[in-house]
Amino acid sequence: MSMMERAQGLAEEMSRLRREIHQHPELGFQEVKTAALVADTLREIGGISIRTQVGKTGVVGDLGNGDGPTIGIRADMDALPIHEATGLAYGSQTAGTMHACGHDAHTAILLGVAHLLKQEFASGKLKGNVRFLFQPAEEVGGDGVSGAPEMIKDGAMQGVDHVIALHVASELPLGQVMLPRGPITAASDGFKGWVRAAGGHGAYPHMGGDPVAMTASVIQALNAIVSRKINPMKPAVCSIGMIQGGAAFNVIPHEILIGGTLRSFDADVRDQLFAEVEKAFALATAMGGSYELELKRGYPAGVNDATVAQWMDDVASDFLGADAIDRHTVGMGGEDFAYMQQMAPGTMMMLGASLDDMSRPHHTPVFDIDERSMPIGAAILAETVRRYLTK
Amino acid sequence: MSMLDRAKQLSGEMSRLRREIHQHPELAFEEVRTAALVAETLREIGGIEVRTNVGITGVVGSIGTGDGPTIGIRADMDALPIIEDSGVDYSSTTHGKMHACGHDSHTAILLGVAHLLKQEFAKGNLRGNVRFIFQPAEEATNGRHQSGAPMMMDDGALDGVDHMIALHVDSLTPVGQVGLKKGHITAAVDSFKAWVRGTGGHGAAPHQGTDPLWMLIPIMSSLHSIVSRKVNPMHPAVVSLGVVRGGTVSNVIPAEVYLEGTLRSYDPEVREQLLREVESSIALSRHFGGDYTIEFERGYPPGYNDPTVTGWMEQVVTEYIGGDNIDRTKAGMGAEDFAYMQQKAPGTMLMLGAAVGDIKRAHHTPVFAIDETAMPLGAAILAETARRFLAGEFKDE
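A brief structural summary.

Thresholds, definitions, all that
- Residues numbered from 1 in each chain as written.
- Chains lettered and ligands numbered in written order.
- Predicted model: local features only at pLDDT ≥ 70, side-chain atom pairs only at ≥ 80, totals over all residues.
- Heavy atoms only, no water.
- Helix = DSSP H or I, 4+ residues; strand = E, 2+ residues; numbered from the N terminus.
- Buried < 20%, exposed > 50% of the residue type's maximum accessible area, 1.4 Å probe, protein only.
- Contact = heavy atoms within 4.5 Å.
- Areas by Shrake-Rupley, 256 points an atom, 1.4 Å probe, with all protein chains shown as cover.
- Salt bridge = Lys/Arg side-chain N within 4 Å of Asp/Glu carboxyl O.
- Pairing = 2+ DSSP bridges.
- Axes fitted to C-alpha atoms, helices over the stretch in contact; angles between N-to-C directions.

**Details of the overall build of chain B**
The secondary structure content of chain B amounts to 12 helices and 16 strands. When the backbone C-alpha atoms are referred to their principal axes, chain B occupies close to 85 × 45 × 40 Å. The 397 residues of chain B split such that 56% are buried. Here the contacts in chain B between residues at least 6 apart in sequence split such that 80% fall between residues at least 24 apart. Total accessible area on chain B stands at roughly 16,000 Å², and carbon and sulfur atoms take up 50% of it.

This is the structure:
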């Protein structure tokens, strides 16, 4: 029986696990119930050495025969602070918290993969090891403080030669996958800047300094960074997400807060964005005010290793046909799997899981996936590992 | 003797031809003397069917066995309206015109290639044809807004051609290094001219009229935000203003301001999007009580290096200079009208390192110059790529 057929046989079990997790969503580093469910399930499967509380609430399972190469497979477990509005029978039972990015599915799929690979090792044809990485806190943002680097600090990637993962994509049709080579996720950094001046009475602008007028120039400069300063061959984004200031219509405020996000692939462009944002805020000084700027580094850019991507591509081609694979589409999203890819050459695949009823984007209250994608994802991950470890 | 060794034996001749052309630069569609030199040289080589006045001043040479596939090799011939200050002793004898982009060397190299391939056909090992395409006007368009490549294609220069190859010298890259990238290498280029109008008036009484200079503030801000706010960041794009002109004296608000700009892109949808967004920006003038007129001129399409043909050339280049001397990533927002030929026949353009190494001698500047020792390498790469293609020696990756 092919790996795909065997994965189809586990479809119900994966669905049950996913729905259990979906009903009890937990935010970053609070995945206690989820981690317990993961550890229990791995124990039931048997033959897997389990470590809990790796990277605070992460779980690591090791399966294998000691010698030979080691391949890691990662699933993230955390939910988002969103109030679910899908109307599903197994909707979140925790108001204000929701699995709105599919991490429930990732966790359930990886438990399915553990089942499948346990059986493979039992057949005695594999040489090497698999490490199941159940990661907390992918959504929290910030350089070095999310789940992946926390797990790495606790040794989760020690001895891992290659690492693979998948992410469901609610806008990609079922039966299709994305497997680009090279950069796949952007470095995502943030800034918060305060433009300050004396402020004053709205009727007497000439007696003080107006940070609102200065902000107009700062915003223009920020919006022109990508179009005027960055090499057009290098993808980059500078988006302002928040502007706050003022309390009354007739009072010129003394401070305006501008916050935004910066995205890039290239390390030089990443540094250049920081420098240009600083120059944009410094316009406030030139206009007689002052500024304070906090730059917050986030996840690095994630790079799909060409060799590992080809392994997965071969498997996905066998299961879905070569036409089902998009090898080019890449966006400016951030993913902390990038840290693991820095430790061991690896690949993340986007797994088509779209429901055809309506648009259900990630990070929205109506997010949902077609669960039939789960056996497909499990089969691709398990078969990639099986072929890699086959003697 | 290898093709490279044979090309090196022709280096004196190629240098002589290049200098002859360099001394007598001719602007777009005026390449009469250059075309005559080309036609005469092809006739001297012999065995080549020569057509002149193809695309106004272009020259086409055909050699081959008649049957089999046909590969085209293109060189451009036109100079630029620049006063030469390179210091070479064979400098331009025509004040205000200069070969400041290396087209003189492209033409001389292709004549060298014709020599080399004539010898190959004489051996009888090849089946197929080579078309030598000496193109006018890469740098400028005529009254019909057409440059040399589409003009030659209108005259049938590419009829029956299966693949196209070409090279461009690169004065900022050392000799012995090349750029050879699969996929997009040059951008689509379009341009716009816009007139923003108000009533104008007395500078002391701005409230009595409408001021097109004031309207420029949101318009320019909007134009400069198109790429950063409207275009998918995964798709390269540029909107740059090149001309802003309006007014005559300090105390008169003008009635009209004139703008010109260039638009660059790779993706066809982005190309259309840029045109729409530029018009939306200029149309802000209406919101402020003014009006506008806008004209777009469509330029060259994006240049796309066919992966298969690029792979062939890469095999040849790797043998001559080693794989480490190939930059496989070099692409930019520049434009090249060879892109039209690539649309018709899958093909590849190679960037040939030719830096002199003394000072920075950038393209389109008065001090532009190249190291002529790059020429035999370029000729050998083109000739050997054509030879192996017609000898059926390439194994596709």
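Having put the structure on the table, let's press on.
**What to know about the pattern of salt bridges**
This structure, assessed with the given rule, holds 49 salt bridges over all chains. Linking E120(A) and R6(A) is a salt bridge whose minimum nitrogen-to-oxygen distance equals 2.5 Å. Taken together, the residues E120(A) in helix 4 (residues 103-122) and R6(A) in helix 1 (residues 3-9) connect sequence positions 114 residues apart. The two residues E120(A) and R6(A) agree in class, both being buried. Ionic pairing is found between E120(B) and R6(B), a salt bridge with its closest N-O pair at 2.6 Å. One end of the pair, E120(B), is in helix 4 (residues 103-123); the other, R6(B), is in helix 1 (residues 3-9), with 114 residues separating them in the sequence. Shared partners join several salt bridges into a network, and the residues in it are R18(A), R19(A), D104(A), D368(A) and E371(A).

**Considerations on the sheet that holds strand 6 (residues 177-178) of chain A**
In any sheet, the strands associate via hydrogen bonds between backbone groups, in a parallel or an antiparallel arrangement. Residues and elements named next belong to chain A. Ordered by their spatial adjacency, eight strands build an open sheet running 1-2-4-3-5-16-6-15, and the pairing between neighbours is mixed. What marks the edges here is a single partner per strand, and that holds for strand 1 (49-54) and strand 15 (325-326). Across four bridges, strand 3 (residues 70-76) lies against strand 5 (residues 162-169) in parallel orientation. Residue pairing across strands places I73 opposite I164, the latter belonging to strand 5. Its contacts with the sheet put helix 10 (residues 373-389) on strand 3, strand 4 (129-135), strand 5, strand 6 and strand 16 (346-352), and the angle it makes with strand 5 is roughly 165°.

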